[in-house]
Amino acid sequence: MVTAATAGKLTLRQVGKIYADYQGGAINALEPVDLDVAPGEFVAIIGPSGCGKSTLLRLIAGLEKPSAGTLQVDGAPIAGPDYTRGLVFQDPMLFPWKNIWHNVATGLEARGLLAGQKDEVDQFLALVGLADFAGVFPHQLSGGMAQRAALARALVNHPKILLLDEPLGALDALTRMTMQDEILSIWAQRRTTMLFVTHDIDEALYLSQRIVIMSERPGRIKDIMAIDIPRPRRRNAPDFFAYRSRLLALLGVGEQA
Amino acid sequence: MSRNDAAGAAITAAAGDSDVKKVNIVAALVCWLPAAVLAASLLMHVGLPNRQLVATAANYSLLLAVILAVYAAWAGVALLNPDRRPRLGRHAPLAAVAFGLLALYELVTLKLNLLPLPFFPSPVKIFEAFTNDAPVLAVSVLYSLRLLILGYAIGTLLGLPTGIMMGWYKQFHYWVNPLVRVIGPIPATAWIPVAMAVFPTSLSGSIFLIALATWFPVTVMTWSGVANVNKSYFEIARTLGADEKYLILRIALPAAMPMIFIGLFMGMGTSFVTLVVAEMLGVKAGLGWYIEWAQGWGEYYKVYAALAISAVLFSSVISLLFTVRDKALVWQRGLVKW
């Protein structure tokens, strides 16, 4: 079921964030940034640690209020957290007291829709390959399985935008590649707008249509690069090399050879 | 235990055929240990003359005989059915030593009269209290249970919301925290004079005291549990569409459950203390009252009987709480078993 995305347009205008530190001073976490993301687009955000990429994601999620600027989804300002913008952290953060089925069901339960939509939970469990683990508690799952469950939990609300904050950062290389393909197949099916924070250049190249490169202290957008590699992409495709060199140069870690 | 079993299995596997037989014979003998010790103590009990005054020794003989029959039957079943053997095998050494110590105590009291009376009555005399005073003891247990259940339930029902509100609302915490910090640490028993004067009946006064004794630890641990929930759980829940009610009841409360159970256990301990002291000082019924009353008459064998009942009663209540916790916290790994 491939449908063209109609919702999930993201518009950021001069969005900045200044935190107060514990001494009453100010930390400039994010310089005013402009960013437009089209409905159904897959955008990766990449940059060194402390570049404000998580801050940016938390602002879009509505968990933080911007110090300056405006954020809009489909023309409506972001007022706070909302089920239309799903969030997945690096740590799966499954609720340890709920089994996997109830973890995935959380969004529907919180919105009072669970009674009529129990099939949805089963479907999303099946989508991420955890149908046989519905009754299992989170501490019994491996890291990759737990992150799959966290994905299903975010997807059950049919979010317009999925915010992924280094979701595969804690996984081993093989699980990571499998999960990348699963995320791509979910994206292909659902056409959810994806904002994918990572510090892995190859991951960003493999997954995204555009890469936002950020620089640190204070965080700001340094460049935005469109990745025009046809899909399905092959991990060892020669197209990647040119992009990788440009990205490395932008990040200031270009090969010195 | 499983490690021991595994080790045992490894030994069995490594050992030769004759060694296997030897291990099996030792295991079978261990199963018969309690019955053997009981038979010996029954012989001692019937055979040696009494040197202290007891109404009748026949009841105690019957008691020993019944327990002996039970253990002999159990050992017999285990002999025929090897599946039953491990459980009895684990239990048997402890039971044998316990029965042995009981027999030894009877020897130095009833049979040899080495310990001063009335402070160290023989087990035969203590058992007499059970048979002669059974109705009074039964009523005392019921009174104590009523007081404990009412006081503990009220204390928990007040402590849970107080703790949740303190952990959730800053304003509530600001106003209630000083009260908790000043009132809480006072031992509930210190309020007995006030409670007995202010409350219309000694029962309502005692319920208040036990509720107070339970309320404080439940409040503090619930508050601490709710205040320390990982903030990311709330953030995730909010992006999933949770409102404040959901965050409190379906995220904060279950996440704080391990801490809440610590508070429930602490509250249970303090309410046992408060219960017994309140009954000794004010209430005219219950196990605490019975102990006080028996001591007034110098009937220490009754005191010991009431103490034995208290031990069984309080231990059962704690076991019940552990069972509830194991059910409620089945999602946690590495629970401490009772």
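Residue positions are given per chain, counting from 1 as you read along its sequence in written order. To label them, take the chains in the order written and letter them from A, then take the ligands in the order written and number them from 1. Per-residue local features are limited, in this predicted model, to residues with pLDDT of at least 70; the limit for side-chain atom pairs, both in listing and counting, is 80 or more; totals at the level of whole chains, interfaces and linings are taken over all residues. As a convention, hydrogens and water are excluded, and side-chain values are obtained from all of the structure's heavy atoms.

Some thoughts on the overall build of chain B
Across its full length, chain B carries 13 helices and zero strands. Ordering the α and β elements of chain B from the N terminus gives α-α-α-α-α-α-α-α-α-α-α-α-α. Against the compact-globule benchmark of 20 Å for 338 residues, chain B has a radius of gyration of 26 Å, which places it well outside the compact range. The buried label goes to any residue with under 20% of its type's maximum accessible area, the exposed label to any with over 50%, and the partly exposed label to all in between, with areas taken from a 1.4 Å probe on protein chains only. Every one of the 338 residues in chain B was classed for burial, and the buried ones make up 41%. Positive charge is attributed to Lys and Arg, negative charge to Asp and Glu, and no charge count is given to His or to the chain ends. Lysine's charge is taken at NZ, arginine's at CZ, aspartate's at CG and glutamate's at CD. Positive and negative charge centroids in chain B, built from 23 and 14 side chains respectively, lie 4 Å apart. Numbering of helices and strands runs from the N terminus; a helix is a DSSP stretch of H or I covering at least four residues, while a strand is a stretch of E covering at least two. In this description the radius of gyration comes from C-alpha coordinates, and the expected globular size is given by 2.2 Å times residues to the power 0.38.

Side note on the overall build of chain A
Counting its regular elements, chain A contains seven helices and 10 strands. Whereas a compact globule of 257 residues would reach a radius of gyration of roughly 18 Å, chain A reaches 18 Å, a difference of no more than 12%. Within chain A, the fraction of its 257 residues that count as buried is 52%. Working note: accessible area of chain A is about 11200 Å², and carbon and sulfur atoms make up 53% of it. Taken as two groups, the 26 positive and 27 negative side-chain charges of chain A have centres that lie 3 Å from each other. Per-residue and other accessible areas were derived by the Shrake-Rupley procedure at a 1.4 Å probe size, with only the shown protein chains allowed to occlude residues.

A closer look at the packing of aromatic side chains
For any pair of aromatic rings, geometry is given as the distance between the ring centres together with the angle between the planes. Aromatic contacts are taken between Phe, Tyr and Trp rings whose centres are within 6.5 Å, Trp giving its six-membered ring; a plane angle under 30 degrees counts as stacked, one over 60 as edge-to-face, and the others as tilted. On inspection of all chains with the given rule, the structure shows 18 aromatic pairs over all chains. Relative to B:Phe127, the ring of B:Tyr60 lies with its centre 6.1 Å away and its plane at 65°, an arrangement referred to as edge-to-face. Linking B:Tyr60 in helix 3 (residues 58–80) with B:Phe127 in helix 5 (residues 123–132), this pair joins segments that are 67 residues apart in sequence. Of the two residues, B:Tyr60 and B:Phe127, neither departs from the other in class, the shared state being buried. Among the aromatic residues, those joined into a ring-pair cluster are A:Phe95, A:Trp97, B:Tyr233 and B:Trp331. Comment: the charge-over-ring label is applied if NZ (Lys) or CZ (Arg) is within 6 Å of the ring centre and within 35 degrees of the ring normal. Over the aromatic face of A:Tyr19 sits the side chain of A:Lys17, whose NZ or CZ is 5.2 Å from the ring centroid. Above the face of the B:Tyr301 ring, B:Lys125 is positioned so that its terminal group lies 4.6 Å from the ring centre.

A look at the nonpolar core
Take the buried residues of types Ala, Val, Leu, Ile, Met, Phe, Trp, Tyr and Cys, join any two whose side-chain atoms come within 4.5 Å, and each joined set is a nonpolar core. Ranked by size, the top nonpolar core spans 81 residues in total, and within it A:Leu10, A:Ile60, A:Leu195 and B:Ile251 carry the most contacts. The greatest single-element share of this core, amounting to 14 residues, is contributed by helix 11 (residues 244–281) of chain B. Whether two residues touch is decided by their heavy atoms; if any such pair falls within 4.5 Å, the residues are in contact. In this view, B:Ile251 contacts A:Phe95, A:Trp97, B:Tyr233, B:Phe234, B:Ala237 and B:Tyr246; residues no more than four positions away in its chain are not counted.

Some details on the sheet that holds strand 6 (residues 85–88) of chain A
All names here are of chain A. For two strands to count as paired, DSSP must find a minimum of two bridges between them. Here we have six strands laid out as an open sheet, ordered 6-7-8-3-9-10, and mixed in their pairing. Because the sheet does not close on itself, it has two edges, and the strands there are strand 6 and strand 10 (220–226). Across the sheet, the mean angle from the axis of one strand to that of its neighbour is 20°, orientation sign disregarded. Where strand 9 (residues 210–215) and strand 10 come together, six bridges link them in antiparallel fashion. In this analysis, axes come from line fits to C-alpha atoms, helices being fitted only over the stretch in contact, and the angle between any two N-to-C directions falls in the range 0 to 180 degrees.

A few points about the packing of helix 6 (residues 134–168) of chain B against helix 11 of chain B
All names here are of chain B. For the pair helix 6 and helix 11, the least separation of the axes is 8 Å and the interaxial angle reads 145°. As helix 6 runs across helix 11, the sense of the crossing is right-handed. Per-class residue counts for the contact of helix 6 with helix 11 are 16 nonpolar, four polar and two charged. For any pair of crossing helices, the crossing counts as left-handed if the nearer helix is rotated counterclockwise from the farther one by less than a right angle, and right-handed if it is rotated clockwise. Each residue gets one label: Ala, Val, Leu, Ile, Met, Phe, Trp, Tyr, Cys and Pro are nonpolar, Asp, Glu, Lys and Arg are charged, and the others, such as Gly, are polar.

Things to note about the pairing of strand 6 of chain A
Residues and elements named next belong to chain A. Residues Arg85 and Leu87 line one face of strand 6 and the alternating positions Gly86 and Val88 line the opposite face, and both faces are buried. One ladder, built from four bridges, connects strand 6 with strand 7 (residues 161–165); its direction is parallel. Paired with Val88 across the two strands is Leu164, which belongs to strand 7.

With respect to the interface of chain B and chain A
A common way to state how big an interface is: give the accessible area lost once the parts meet. In this assembly, 20 residues from chain B lie in contact with 25 residues from chain A. Two parts placed together each lose some accessible area; with a 1.4 Å probe, that loss summed over both constitutes the buried area. In total, chain B and chain A occlude about 2100 Å² of area from one another, counting both sides; carbon and sulfur atoms represent 67% of this. Contact with chain A buries surface across chain B, with B:Thr239, B:Leu240 and B:Trp331 losing the most and accounting together for 33% of the total. When a carboxyl oxygen of Asp or Glu is within 4 Å of a side-chain nitrogen of Lys or Arg, the pair counts as a salt bridge. At the junction of chain B with chain A, the criterion picks out two salt bridges. A salt bridge links A:Arg58 to B:Glu235; the shortest N-O distance between them is 2.6 Å. Any pair of N or O atoms that falls within 3.5 Å is considered a polar contact. Within protein, one atom must be able to donate a hydrogen and the other to accept it, and sequence-neighbouring residues count only if both atoms are side-chain atoms. Where chain B meets chain A, there are seven residue pairs in polar contact (both at pLDDT 80 or more). Counting only elements with at least two residues in the side of chain B that touches chain A, the list comes to helix 10 (231–239) and helix 11 of chain B.

Section: the domain arrangement of chain B
What the domain assignment reports for chain B is domain 1 (2–118) and domain 2 (134–328). The C-alpha-based centres of domain 1 of chain B and domain 2 of chain B are spaced at 39 Å. For each domain, the first and last residues come from an automatic or database assignment.

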